[in-house]
Amino acid sequence: MVSSFKHYVSVASCWARLAIQRQLEYPLFLFSWLLMIPIQYFSGIWMLKIIVDRFQALNGWDFPQLTFLYGLGLISHGIFVVFFINTWSMDHMVINGGFDRLLLRPMNVFFQLVASYVNFIGLIDCIPGVIIFLYGCEIAGFEWSLVNIGKLILVLIGGILIRAALFTSLGTIAFWTKRNGSMVGFALTMLERATMYPLSMYPFFLQALFTFIIPIGFISFYPAAEFLGTDNGGLELPLSFALWTPLVGIICFLIASGIFRFGMKNYESAGS
Amino acid sequence: MLQAYWYITKMKLLTNLTYRFEVFTSVATNLILTLASVFLWQTAYKGGSGTVESLSLQDITTYTILSITISTIFVCDVQNTIYYKIREGQIVTDFYRPIPLLACYLAEDIGEMFSSLLNRALPLIVFASIFFGIPWPASIQGFLLFLPSCLLSYAILWLLSALVGLIAFWVMELGNMGNVKDSIVRVLSGSIVPLWFFPDTVQTISKFLPFQYTYQTPLGIYIGNTSISDGFTAMAVQAVWVGLLFLVLAAGWSRTKKKTLIQGG
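Residues numbered from 1 in each chain as written. Chains lettered and ligands numbered in written order. Predicted model: local features only at pLDDT ≥ 70, side-chain atom pairs only at ≥ 80, totals over all residues.

Moving on, we get to the packing of helix H2 (residues 27–54) of chain A against helix H3 (residues 63–84) of chain A. Residues and elements named next belong to chain A. Closest axis-to-axis distance for the H2/H3 pair is 10 Å, and the angle between their directions is 160°. By the criterion of interaxial angle, the relationship of H2 to H3 is roughly antiparallel. By crossing handedness, the relation of H2 to H3 is classed as right-handed. Where H2 approaches H3, its residues Tyr 41, Ile 45, Leu 48, Lys 49 and Val 52 are matched on the opposing element by Phe 63, Leu 66, Thr 67, Tyr 70 and Leu 74. Residues belonging to the contact of H2 with H3 are distributed by class as follows: eight nonpolar, one polar and one charged. (Axes fitted to C-alpha atoms, helices over the stretch in contact; angles between N-to-C directions. Helix = DSSP H or I, 4+ residues; strand = E, 2+ residues; numbered from the N terminus. Parallel < 35°, antiparallel > 145°, perpendicular 65-115°, else oblique. Left-handed = near helix turned anticlockwise from the far one by under 90°. Contact = placed C-beta atoms within 7 Å. Nonpolar A, V, L, I, M, F, W, Y, C, P; charged D, E, K, R; others polar.)

Put simply, helix H9 (residues 183–195) of chain A and helix H2 (residues 20–45) of chain B touch, their axes get as near as 8 Å, and they point 10° apart. In terms of orientation, H9 of chain A and H2 of chain B fall into the roughly parallel class. Residues Met 183, Gly 185, Phe 186, Thr 189, Met 190 and Arg 193 of chain A of H9 of chain A form the contact with H2 of chain B, whose own contacting residues are Thr 25, Ala 28, Thr 29, Ile 32, Leu 33 and Ala 36 of chain B. Of the residues in the contact of H9 of chain A with H2 of chain B, the class split is seven nonpolar, four polar and one charged.

Turning our attention to the nonpolar core. Ranked by size, the top nonpolar core spans 130 residues in total, and within it Leu 69, Tyr 70, Ile 162 and Ala 187 of chain A together with Ile 156 and Trp 158 of chain B carry the most contacts. Looking at this core element by element, the count peaks at 15 residues for helix H7 (residues 140–171) of chain B. Excluding anything up to four places from it in sequence, Ile 162 of chain A contacts Pro 215, Ile 216, Phe 218, Ile 219, Val 248, Gly 249 and Cys 252 of chain A. Of all hydrophobic cores here, the second largest spans five residues; its members include Met 90, Val 94, Phe 99 and Phe 175 of chain A. (Core = buried A, V, L, I, M, F, W, Y, C linked by C-beta atoms within 7 Å. Buried ≥ 20, exposed ≤ 12 C-beta atoms within 10 Å, placed from the backbone.)

What follows concerns the environment of Tyr 70 of chain A. Residue and element names in this part refer to chain A. Here Tyr 70 shows up in helix H3. A tally of 27 C-beta atoms within 10 Å means that Tyr 70 is categorised as buried. C-alpha of Tyr 70 to C-alpha of Phe 218: the two residues are 148 residues apart in sequence and 14 Å apart in space. Discounting residues that sit within four places of it in the chain, Tyr 70 has contacts with Ile 45, Leu 48, Ile 132, Gly 136 and Met 196.

Written as structure tokens, this is what we have:
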């Protein structure tokens, strides 16, 4: 058990080294991401500021609270893209036969899929994420107590698991159809709008959908509402969301890995 | 001569019409974006006085739906085409062609524009109309002015894109510079939030930049926030920008062609 764990760690760290070296190969490529990602997200929060300044708080969410929510959603997105970005390209791996290679090796297939590419560039998403989040904490008066930090970590882990489960399930579609189109873009837009903006803006039907069917409301909206004591506009649960998010995350992840394993049974190689 | 370009356009149109599934998800993505943006505006307007900066919720809904729709039609792939062809060394075969390279790429983009009009813009408008009602223009004159204004907008966007593409000839690995430009355009063109809501200093600076003349000008004419006479003035500014960017591109292009380095092949 211990030796196999050590083996997995050593393989993962070797892959991580290779992936990082590969990405540092083209400095201008890195530089362009370094420009683009912050521009994109800082302008996103700037748009929110303009809207709130000209209009009013969005369903009771004023600018500091919106900043907190936006930052929290963005950090969990950033950490997710560092570790799980390969779930986005499962259809390519199926089409070009890259997936066959994973099946031949004596290791867990999902581990190989995820660990074979550590997306170093994803850390760039975390830069605006952390800045916006810290700024949001400052102006929204978030208290940095040990309990809150612990809750925050649990929420982040849970949120990342929910995201990973969603994209793994979407990627699994490719086992049957060989391609899943630009589902990734679709899911990303949906996630951005549901985790970085208050969910209570949307009609009741969508809120219910994002709470019970595709539980992405748990990634950042409900936890943020609890941290800041904002009225989330409906759902009341007996326990803290800091506990619900990791729980929902683990359940989703287990379901997704079930789907993944079931899909693998149906996998036919697309040929070389 | 024109036949050659029409052929390129037609081929691109036909190729694009064969990818069905991608089109389906693209329409769905844009629809989500439209819905989410309109819900955001509805929340912002809720309980308010009705108009802000003389814009009603209906105006801004129309603005948002059309903004996302025309963004699917304004295809400026030229920056990626140049980047890709230089990376793969395929640019050499394009230079063999007896017609100007950039005009070829323009013909391709126009072909893609036609296919997007059919399989992206049209379904999006239909679905958006089902949810929020048909986004009618403020007046017939406004609509008639909107169309040529859109053409000028597209010219500005395409020229900007081609200029970014030219950089690829000099640096070989352009990375995502095209997307950097796109994110700047998205904000400063008023395609997400109209510039009328921006702080005054930003609005003043923006008057001297080409970006607001790409989205806000035609959309402002369409929803009637820009009067017809102001619309003509704005279109004159658009035309000036088109001329200016064209001159820059022409100058840059004649210099760049000599720099071309063929990789591999």
